[in-house]
Number of protein chains: 2
Amino acid sequence: MSDNIKYLLEEDKIPKTWYNISADLPKPLAPPLHPGTHKPVGPDDLAPLFPMALIGQEVSQEREIEIPGPVREIYKQWRPSPLFRARKLEKNLDTPAKIYYKYEGVSPTGSHKPNTAVAQAFYNKEEGTKKITTETGAGQWGSSLALACSIFKIELDVYMVRVSFDQKPYRKMIMQTYGAKCIASPSNETNTGKAILKKDPNNTGSLGIAISEAIEIAAQSETTKYSLGSVLNHVLMHQTVVGNESIIQMEMAGDYPDILIGCTGGGSNFAGLIFPFLGKKFREKKEVKVIACEPKSCPSLTKGKYAYDFGDTGNLTPLVKMHTLGSSFMPPATHSGGLRYHGMAPMVSHLKDIGAIEAKAFGQKECFEAGVKFANVEGIVPAPEATHAVKGAIDAALECKKNGKPKTILFNLCGHGHFDMQAYGDYFDNKLAEDDYNESAVNKALENLPKIA
Amino acid sequence: MSDNIKYLLEEDKIPKTWYNISADLPKPLAPPLHPGTHKPVGPDDLAPLFPMALIGQEVSQEREIEIPGPVREIYKQWRPSPLFRARKLEKNLDTPAKIYYKYEGVSPTGSHKPNTAVAQAFYNKEEGTKKITTETGAGQWGSSLALACSIFKIELDVYMVRVSFDQKPYRKMIMQTYGAKCIASPSNETNTGKAILKKDPNNTGSLGIAISEAIEIAAQSETTKYSLGSVLNHVLMHQTVVGNESIIQMEMAGDYPDILIGCTGGGSNFAGLIFPFLGKKFREKKEVKVIACEPKSCPSLTKGKYAYDFGDTGNLTPLVKMHTLGSSFMPPATHSGGLRYHGMAPMVSHLKDIGAIEAKAFGQKECFEAGVKFANVEGIVPAPEATHAVKGAIDAALECKKNGKPKTILFNLCGHGHFDMQAYGDYFDNKLAEDDYNESAVNKALENLPKIA
């Protein structure tokens, strides 16, 4: 059998719908609450920040939501993305397991993020939005929304977590190339940013802070909206184009996954691959084990509390029930910038709470070790975030070797590492920061959780 | 009509052969000469540096050379690469021309270079090579050969032009990730390097110097061979997989190019797209205008002399007849590191000499301007080298607008710019070095051309 097995779909097989897992949940999701009244938020509360089409998707119970024609057209530039059988990795590990991976690094910005960026920019354009504000961690999201806003001719301001802004200058430059403005966060452009810098001029930022800054600006103008790259239901749903394609590609391979693996920061690439398979589990009882892989230094799913919390540091967002390390927790400056978020998508958190998924936390050194192995065996250098999924898949395959069980593993290789080679350089130079779990900092942050009756 | 038109081939349409333009030349290529005797070099002269299979390909007159099965298998990871119709760019330019581009940025290292890297590593492995040395300019070649050597488990030392080593640290890191050693050139590891550093400790290097260093090391051991990423006939031939695919894809589009465009440094991506079409021109009289786009700062085709010269600065290589700026010419430190070579592939030079191709030189600022436009209109950020082809294609399309002639243009987008965003950053910050043609430096270098009877 060939060592290079790629399952490609014809362009007309790009899914026509996104999958909305809300329709199939065994138990409904806890609603987001207004931070003042603690009552469920309604569409009107969200209207200053999002176009109505996205607010509708956020609360929709329809199982299939049609992908608009223009969005599908843009998807065609890089979709359907390939699904590979990792035969060389299987041989290298000498495992009886079959390992498959879906590869989202083929998009113009090298990650899965354009799947929702293009959709969000489209709906904003439809409703007259002139400018969008957003936050970005490692920059995958910011550069992808910059691409989308360039296509739809919408102005874009991106608040980028300062540590990543400094570590990953190429990301700022690609946003600039696509015509967006990229601002290191915390910044002096917002009240939230100014207040933080006053207390701590060297603050290296967090997604929570950057979200506060972006929301603050968006709330000031009717034609400026806010856009989020993960966490929210509609964002996760746009990513299900990944899983919907994978279901067809696994059929082409004549296989079905026993184990599904993705890395989790806010949860979007994980949800994108996994929700459509979980839907089949809920509807058709097709069993599948799901493992979310997160960094030890920011372990919301494995160490966080499942509770109502703010999505941002400035406490401007609605309260959402999620696994959280506390909205004031500052994750250390590891290289997996896309996974440095204090919370987890409410939908992913809910699935963990009802036992539909498991979670594991890995240190960044063991993840880069897995990433280097993958690059040398399979040829693709994974993004630092994606190395967590690689590590999870390798561990699962080695478990199969130990047990002699030939399971079928599918993971999401959500992006390439071409923008993030400094991280690999630091790994080789033994310069990677320690990334142990800071329990006392988390406990302190959790003390400030809002009290909900 | 859709704005996103992608012509994809099935995997089994990956060409089974490379195209060897030597078979169809109206006039044969001048032979390489031994630097001492000035007699044509034979296979024995090259045997210390290259495996016999590649020496055979270098002088072959067979039109089609079979791509070995294992090489084709590896190609499958990213080939066939897509060919796009640039409808949005056409609209943006308001041109009656049709613009197509072949996109080689989908390879694991983001450029066309793995097409020959994999082939060269394969033949070396077959003949027992334990270690390969090579040079690299911007790093596309070094990282691609590192990938190939990782696949075939061959040790690799890459001499990287110092200015690019410093400008593009990510390239060094990806080579390291693939297990290769990357050394800034000129280095203290070779006599050539030491001699240059003694005279000029701050020498920023050139491809010519890096080639000398790599050859010097390769010549010292029977199981160490040398590998070149461009210039030689066999290297250019391996790239024709690009053009062979494009011919089928243009048939799918129901079109045939009137104008073919590629950027030229050593000539390999240009040759890869263009030679198969030129073959059809020579055999079937299918007319096509061909434009090679090179940097104004290193204009071998437009300003160089067509003469026998050394391929390297240390004067260790055979003498080859090519358009040259003189082997001692030091191109300025522009961002298009892959185009900074004093000479041009003998085959490309020959085609220019017999009038089969034209050449144009562009400044780096106008190229980045074209690159930014392309990114914003078509969504893909081109590598700095590839912006020269983009600029050439835009100029040709605007010419069509002026003349009202609806020509069909096809160009090679040979790589993405994800590793090279600093160049775009410098463009936006107005920090790009001047890149005028240094005529006196070239004249001085040309004084030292070897005298051939």
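Being a predicted model, the structure only gives us computed values, none of them experimental. (Residues numbered from 1 in each chain as written. Chains lettered and ligands numbered in written order. Predicted model: local features only at pLDDT ≥ 70, side-chain atom pairs only at ≥ 80, totals over all residues. Heavy atoms only, no water.)

> Help me understand the overall build of chain A in this model?
Secondary structure summary: chain A contains 19 helices and 15 strands in total. In terms of C-alpha radius of gyration, chain A reaches 20 Å, essentially the compact-globule figure of 22 Å for 453 residues. Along the first, second and third principal axes, the C-alpha atoms of chain A reach 60 × 50 × 45 Å. By residue count, 67% of the 453 residues in chain A fall in the buried class. For chain A, long-range pairs separated by at least 24 residues make up 77% of all intrachain contacts whose partners lie at least 6 apart in sequence. Per element, the accessible surface of chain A, about 15,100 Å² overall, is 49% carbon and sulfur. (Helix = DSSP H or I, 4+ residues; strand = E, 2+ residues; numbered from the N terminus. Rg over C-alpha atoms; globule rule 2.2 N^0.38 Å. Buried < 20%, exposed > 50% of the residue type's maximum accessible area, 1.4 Å probe, protein only. Contact = heavy atoms within 4.5 Å. Areas by Shrake-Rupley, 256 points an atom, 1.4 Å probe, with all protein chains shown as cover.)

> Would you explain the pattern of salt bridges in this entry?
Oppositely charged side chains can pair when the atoms bearing their charge come close. Scanning the entire structure with this criterion turns up 42 salt bridges over all chains. Measuring nitrogen to oxygen at the nearest pair gives 3.9 Å for the salt bridge that ties A:Lys6 to B:Glu11. Taken together, the residues span two chains, with A:Lys6 in strand E1 (residues 5–7) and B:Glu11 in the loop between strand E1 (5–7) and strand E2 (17–19). Here A:Lys6 falls in the buried class, since its relative accessible area comes to 11%. Within the structure, one salt-bridge network assembled from shared partners comprises A:Asp24, A:Arg63, A:Lys280, A:Arg283 and A:Glu284. (Salt bridge = Lys/Arg side-chain N within 4 Å of Asp/Glu carboxyl O.)

> For this particular structure, what's the right way to read the relation of the copies chain B and chain A?
Note that the two copies of the chain are related through a rotation about an axis and a translation along the same axis. Its rotation angle being 180 degrees, the transformation that places chain B on chain A also includes 0.0 Å of axial translation and leaves an RMSD of 0.0 Å. One copy is carried onto the other by what is essentially a two-fold rotation axis. Most of the interface of chain B is mirrored in chain A: 100% of its interface residues are interface residues there too. (Least-squares fit on C-alpha atoms with pLDDT ≥ 70 in both.)

> Explain the packing of aromatic side chains to me, please; I cannot follow it from the model alone.
What characterises a pair of aromatic rings is the spacing of the ring centres plus the angle enclosed by the ring planes. Residues and elements named next belong to chain A. Tallied over the entire structure, the rule returns 27 aromatic pairs over all chains. Plain terms: the ring middles of Tyr75 and Trp78 are 6.0 Å apart, the flat faces sit at 65 degrees to each other, and that makes the pair edge-to-face. Judged by relative accessible area, Tyr75 falls into the buried class, the value being 0%. Aromatic pair Phe368 and Tyr424: ring centres 5.1 Å apart, planes at 85 degrees, arrangement edge-to-face. (Phe/Tyr/Trp six-rings, centres within 6.5 Å; stacked < 30°, edge-to-face > 60°.)

> Would you mind showing me how to read the interface of chain B and chain A here?
For an interface, size is often stated in terms of accessible area lost upon the parts coming together. Taken residue by residue, the interface counts 46 residues in chain B and 46 residues in chain A. Buried surface at the junction of chain B and chain A, both sides included, amounts to about 3,800 Å², of which 51% is carbon and sulfur. On the surface where chain B and chain A come into contact, there are two salt bridges. One can count 18 residue pairs in polar contact (both at pLDDT 80 or more) joining chain B with chain A. Put simply, the parts of the chain that give the side of chain B that touches chain A at least two residues each are helix H3 (69–75), helix H6 (140–152), helix H8 (169–177), helix H16 (364–378) and helix H18 (421–428) of chain B. (Buried area = accessible area lost by both parts, 1.4 Å probe. Polar contact = N/O pair within 3.5 Å; in protein donor to acceptor, adjacent residues only side chain to side chain.)

> Would you explain the sheet that holds strand E6 (residues 131–136) of chain B in this entry?
By definition, the strands of a sheet pair up through backbone hydrogen bonds, in either a parallel or an antiparallel sense. Residue and element names in this part refer to chain B. An order of E8-E7-E6-E9 is seen for the four strands of this open sheet, with the pairing classed as parallel. The sheet terminates laterally at strand E8 (181–185) and strand E9 (224–227), the two strands that pair on one side only. Pairwise comparison of adjacent strand axes, ignoring direction, gives a mean angle of 25 degrees for this sheet. As judged from the six bridges shared by E6 and strand E7 (residues 155–161), these two strands associate in the parallel manner. In the strand pairing of E7, Glu135 is matched with Tyr159. Against the sheet, H8 makes contact with E6, E7 and E8, and its axis sits at roughly 175 degrees relative to E7, the strand it touches most. Sheet strands touched by helix H10 (residues 207–218): E6, E7, E8 and E9. Its angle to E6, the strand with the most contacts, is close to 170 degrees. (Pairing = 2+ DSSP bridges. Axes fitted to C-alpha atoms, helices over the stretch in contact; angles between N-to-C directions.)

> I keep staring at the confidence of the model for chain A and nothing clicks. Help me out?
Low pLDDT marks regions whose predicted coordinates should not be analysed in detail. The predicted model of chain A has a mean per-residue pLDDT of 95, with 99% of residues at 70 or higher. For this predicted complex, the interface confidence score (ipTM) comes to 0.93, while the overall pTM stands at 0.95. (pLDDT = per-residue confidence, 0-100.)

> Sorry, what's going on with the side chain of A:Ser111 here?
Residues and elements named next belong to chain A. Counting through the fold element by element, Ser111 comes out in the loop between strand E5 (98–103) and helix H5 (114–126). With relative accessibility at 3%, the residue Ser111 sits in the buried group. When neighbours within four sequence positions are excluded, Ser111 is seen to be in contact with Glu104, Gly105, Gln140, Ser144, Cys414 and Gly415.

> Just checking my understanding: could you explain the packing of helix H13 (residues 268–284) of chain A against helix H15 (residues 346–353) of chain A for this structure?
When two helices pack together, their arrangement is given by the angle between their axes and by how far apart the axes lie. Residues and elements named next belong to chain A. One can describe the packing of H13 onto H15 by two numbers: an axis separation of 12 Å at closest approach and a directional angle of 45 degrees. Taken together, H13 and H15 sit at an angle that is classed as oblique. In the packing of H13 onto H15, the handedness of the crossing is left-handed. Of H15, the residues touching H13 (which contributes Phe270, Phe275, Leu278 and Phe282) are Met347, Val348 and Leu351. (Parallel < 35°, antiparallel > 145°, perpendicular 65-115°, else oblique. Left-handed = near helix turned anticlockwise from the far one by under 90°.)

> Please explain the nonpolar core as it appears in this structure.
A general trend in soluble globular proteins is that nonpolar side chains are found buried together. Among the nonpolar cores identified, the biggest contains 162 residues, and A:Trp18, A:Phe275, A:Leu278, A:Leu351, B:Trp18, B:Phe275 and B:Leu351 are the most heavily contacted of them. Those residues in contact with A:Leu278 that sit more than four places away from it in its chain are A:Ile21, A:Val290, A:Leu351, A:Ala356 and A:Ile357. (Core = buried A, V, L, I, M, F, W, Y, C linked by side-chain atoms within 4.5 Å.)

> Teacher, can you tell me more about the sheet that holds strand E9 (residues 224–226) of chain A here?
All names here are of chain A. The strand order across the open sheet formed by four strands is E8-E7-E6-E9, and the pairing between neighbours is parallel. Two strands bound the open sheet, and with one partner strand each, they are strand E8 (181–185) and E9. On average, each strand axis in the sheet is tilted by 25 degrees relative to the strand beside it, whichever way the strands run. The strands touched by helix H6 (residues 140–152) are strand E6 (131–136) and strand E7 (155–161); relative to E6, the strand with the most contacts, the crossing angle is about 160 degrees. Across the sheet, helix H8 (residues 169–177) lies against E6, E7 and E8, angled at about 175 degrees from E7, the strand it touches most.

> Where do I start with the environment of A:Ser206 in this structure?
On the secondary structure map, A:Ser206 appears in the loop between helix H9 (191–199) and helix H10 (207–218). Separated by 39 residues in sequence, A:Ser206 and A:Gln167 place their C-alpha atoms 14 Å apart.

> Teacher, can you tell me more about the pairing of strand E13 (residues 319–324) of chain B here?
Residues in a regular strand point their side chains to alternate faces of the sheet. All names here are of chain B. Most of E13 is tucked away, with five of its six residues classed as buried. In the sheet, strand E12 (residues 305–310) pairs with E13 via six bridges, with the strands oriented antiparallel. Within the sheet, the bridge partner assigned to Ala307 lies in E13 and is Met322.

> Would you take a moment to explain H13(A) for this structure?
Every α-helical turn comprises 3.6 residues, leaving residues that sit three or four positions apart pointing alike. Residues and elements named next belong to chain A. Between the first and last C-alpha of H13 there are 24 Å, a value that for 17 residues agrees with the 24 Å anticipated at 1.5 Å per step. Of all 17 residues that make up H13, 15 are buried, and the element is covered over most of its length. One or two residues past the end of H13 sits Lys285, with phi positive at roughly 60 degrees. (Expected span 1.5 Å × (residues − 1).)

> What should I look at first to understand helix H17 (residues 384–403) of chain B in this one?
Taking 1.5 Å per residue, 20 residues should reach 28 Å; H17(B) reaches 29 Å between its end C-alpha atoms and fits that length. Once H17(B) ends, the next one or two residues include B:Gly404, with phi positive near 65 degrees.

> It is not clear to me how the packing of H9(A) against H10(A) should be interpreted in this structure. Could you clarify?
All names here are of chain A. Orientation of H9 relative to H10, taken along the N-to-C sense of each, is 140 degrees, at an axis distance of 8 Å. The angle between H9 and H10 falls in the class oblique. Here Asn191, Thr192, Gly193 and Ile196 of H9 lie close against H10, whose contacting residues are Ile209, Ser212, Glu213 and Glu216. When grouped by side-chain class, the residues that make up the contact of H9 with H10 number two nonpolar, four polar and two charged. (Nonpolar A, V, L, I, M, F, W, Y, C, P; charged D, E, K, R; others polar.)

> Mind showing me how you'd approach a negative patch on the surface here?
A contiguous patch of negative charge, built from A:Glu10, A:Asp12, B:Glu10 and B:Asp12, is present on the exposed surface. One can find A:Asp12 in the loop between E1 and strand E2 (17–19). What makes A:Asp12 exposed here is its relative accessible area of 53%. (Patch = residues over 30% accessible without salt bridge, like charges linked within 9 Å, V, L, I, M, F, W, Y side chains within 5 Å. Lys, Arg positive; Asp, Glu negative; His and termini not counted. Charge placed at Lys NZ, Arg CZ, Asp CG, Glu CD.)

> Looking at this structure, I do not really get the environment of B:Gly404. What am I missing?
Within the secondary structure layout, B:Gly404 lies in the loop between H17 and strand E15 (408–413). For the pair B:Gly404 and B:Asp200, spaced 204 residues apart in sequence, the C-alpha separation works out to 54 Å.

> Before we go on, may I ask you to explain unusual backbone geometry in this structure?
It is generally the case that most residues other than glycine have a negative phi and that most peptide bonds are trans. Residue and element names in this part refer to chain B. Cis geometry marks the peptide bond from Arg79 to Pro80, where omega comes out at -10 degrees. Of note, the bond from Ser185 into Pro186 is cis; its omega dihedral lies within 30 degrees of zero at 5 degrees. The backbone of Lys153 shows a phi angle near 55 degrees, a positive value even though the residue is not glycine. Within the fold, Lys153 resides in the loop between H6 and E7. The exposure class assigned to Lys153 is exposed, which follows from its relative accessible area of 68%. Look at Asn430: it is not a glycine, yet its phi comes out positive at around 60 degrees. The topology assignment puts Asn430 in the loop between H18 and helix H19 (439–447).

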